[in-house]
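# Fold and geometry: a report
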Amino acid sequence: KKTLHGKAFSLSYSLNSASSDLARFSCIVSKKVAKTAVLRNKLKRRMYANATSFEPKLVKGVVCFFYLKKEATSCTYKELGLEMEELFKAAKLLK
């Protein structure tokens, strides 16, 4: 399991060859980051939507965990997507 850190979130990932051909994602938003469940769920939806748009370009069988930081609450959908792309490139997870 390897971890990369960005401005709005950290990406932990592992390559699971026994897994299916699909990439899997998990998003963790603590109460320290966003007090209300509404905001935590909004951030998760944005992250999952961005992650699924990258799924065809990712290596097979990768498992990704996104740990959101306080800075993520002020980021737009597009900013989160750009940072996600940067971290995927840094981790060499894009085909």
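This text goes with the structure placed above it.
Described in the following lines is the structure provided in the data block. Since we're looking at a predicted model, the values are computed, not measured.

So, about the pattern of salt bridges. Tallying each qualifying case throughout the model produces 1 salt bridge. Across the salt bridge formed by E85 and K89, the nearest N and O atoms sit 3.6 Å from each other. Taken together, the residues span about one helical turn, with E85 and K89 both in helix α2 (residues 77-90) at a distance of 4 residues. On the accessibility criterion, K89 (52% relative accessible area) is exposed.

The α-helix winds at 3.6 residues per turn, so residues separated by three or four positions along the chain end up facing the same way. For helix α1 (residues 37-54), spanning 18 residues, the distance from its first C-alpha to its last is 26 Å, which sits close to the expected 26 Å at 1.5 Å a residue. Among all positions in α1, only R40, L43, M47, N50, A51 and F54 are buried. One side of α1 carries all its buried residues, which in axial view fall inside an arc of 100°. Across α1 from its buried face, at more than 90 degrees, point the exposed residues V38 and R45. Against β2 (9-15), β3 (24-28), β4 (62-68) and α2 lie the buried residues of α1.

We now examine unusual backbone geometry. Only a minority of non-glycine residues have a phi that is not negative, and only a minority of peptide bonds are not trans. With phi around 60°, K92 is a residue other than glycine that occupies positive phi space. Mapped onto the elements, K92 comes out in the segment after α2. Exposure remark for K92: the relative accessible area of 69% places this residue in the exposed category.

Parameters at a glance
- Residues numbered from 1 in each chain as written.
- Predicted model: local features only at pLDDT ≥ 70, side-chain atom pairs only at ≥ 80, totals over all residues.
- Heavy atoms only, no water.
- Salt bridge = Lys/Arg side-chain N within 4 Å of Asp/Glu carboxyl O.
- Helix = DSSP H or I, 4+ residues; strand = E, 2+ residues; numbered from the N terminus.
- Buried < 20%, exposed > 50% of the residue type's maximum accessible area, 1.4 Å probe, protein only.
- Expected span 1.5 Å × (residues − 1).
- Arc of directions from axis to C-beta.
- Contact = heavy atoms within 4.5 Å.

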